[in-house]
Amino acid sequence: MKIAIPVDHNCIDSTVCSSYSHAPYFMLYDFKTNEYQFLLNRFDETVKRADITATQILADQQVHILVTKHCARHTASLVNDADIRVYRAKYDTIQENIDAFERNELEIMTELRPDLYQNSEQ
């Protein structure tokens, strides 16, 4: 099982980024191998829907769990459609959130931010 966390820097000491789709990097942790991997988020600032790119990156890596601080409704729908469960980050660091997930302390995200692009073309 793989977990993904949007992070500010490509190092294990990084903090969790406040944005899922605009995070500079994604940290992937594989529970089977105990290996960490950092992926560059290739979103384009000129594109309104960076959540599509971010979700495709995670789906391509066969991620099962996303731990993030915030998630818009439409983004959560995209992520769920990719068979990725969304959990709310409880702590600021990568390792604290991985440990919390293993202890079943993280909650599935139910309070979602309103969509920013409600009236735009999809």
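Everything quoted here is computed from the prediction, not taken from an experiment.

Trainee: Quick question: what am I supposed to make of the pattern of salt bridges here?
Mentor: If you walk through the whole model with that rule in mind, you get three salt bridges. In this structure, the salt-bridge partner of E105 is K90, at a minimum N-O distance of 3.8 Å. Remark: K90 occurs in the loop between strand 5 (85-88) and helix 3 (94-102) and E105 occurs in the segment after helix 3; sequence separation between them is 15 residues. Classification of E105 by relative accessible area gives partly exposed; the value is 28%.

Trainee: Is there a simple way to explain unusual backbone geometry in this structure?
Mentor: Leaving glycine out, the prevailing phi sign among residues is negative, and the prevailing peptide bond configuration is trans. In this structure, N34 is a non-glycine residue whose phi angle is positive, near 60°. Positive phi values are uncommon outside glycine, yet D83 reaches one of about 60°. Summarising the element assignment, D83 is placed in the loop between helix 2 (73-81) and strand 5.

Trainee: Looking at this structure, I do not really get the pairing of strand 2 (residues 25-30). What am I missing?
Mentor: Working note: regular strand, side chains alternate between the two faces of the sheet. In terms of burial, strand 2 is a largely internal element, five of the six residues being buried. One ladder, built from six bridges, connects strand 1 (residues 2-7) with strand 2; its direction is antiparallel. Residue pairing across strands places A4 opposite L28, the latter belonging to strand 2. Hairpin connection between strand 2 and strand 3 (residues 35-40): a loop of four residues separates the two successive antiparallel strands, and N34 in this loop has a positive phi of roughly 60°.

Trainee: What is the right way to look at the packing of aromatic side chains in this model?
Mentor: The geometry of an aromatic ring pair is captured by the separation of the ring centres together with the interplanar angle, meaning the angle of the planes. The tally for this structure, following the rule as stated, stands at five aromatic pairs. On the basis of an interplanar angle of 50° and a centroid distance of 5.8 Å, the ring pair of Y20 and F26 is categorised as tilted. When the centroid spacing of 4.8 Å and the interplanar angle of 45° are considered together, the rings of Y29 and Y36 count as tilted. Classification of Y29 as buried rests on a relative accessible area of 7%. On the basis of relative accessibility, which here comes to 34%, the residue Y36 falls in the partly exposed class. Ring pairing ties together the aromatic residues Y29, F31, Y36, Y87 and F101, which thus form one cluster.

Trainee: Hey, could you run me through the pairing of strand 4 (residues 65-68) in this one?
Mentor: Here strand 4 shows a buried face lined by I65 and V67 and a second buried face lined by L66 and T68. In this structure, strand 1 lies alongside strand 4, joined through two bridges in parallel fashion. Note that in strand 4 the partner of I3 across the bridge is I65. You can see the chain leave strand 4, run along helix 2 and come back into strand 5, and the turn it takes is right-handed.

Definitions and cut-offs
- Residue positions are counted from 1 within each chain, in the order its sequence is given.
- Local features in this predicted model are restricted to residues of pLDDT 70 or higher, and side-chain atom pairs are both shown and tallied only at a pLDDT of 80 or more, whereas totals for entire chains, interfaces and linings draw on every residue.
- Excluding hydrogens and water, the side-chain figures rest on all heavy atoms present in the structure.
- The working definition used for a salt bridge is a side-chain nitrogen of Lys or Arg within 4 Å of a carboxyl oxygen of Asp or Glu.
- Strands are runs of DSSP state E lasting at least two residues, helices are runs of H or I lasting at least four, and both sets are numbered from the N terminus onward.
- Each residue is assigned to one of three classes by its accessible area relative to the maximum for its type, calculated with a 1.4 Å probe on protein chains only: buried under 20%, partly exposed between the two thresholds, exposed over 50%.
- A pair of strands is treated as paired once DSSP finds two or more bridges between them.
- Each Phe, Tyr or Trp ring (for Trp, its six-membered ring) is paired with any other whose centre lies within 6.5 Å, and the angle between the two planes then decides the class: stacked below 30 degrees, edge-to-face above 60, tilted in between.
- Whether a crossover is right-handed depends on one test, that the path from the first strand over the helix to the second runs clockwise when the strands point away from the viewer.

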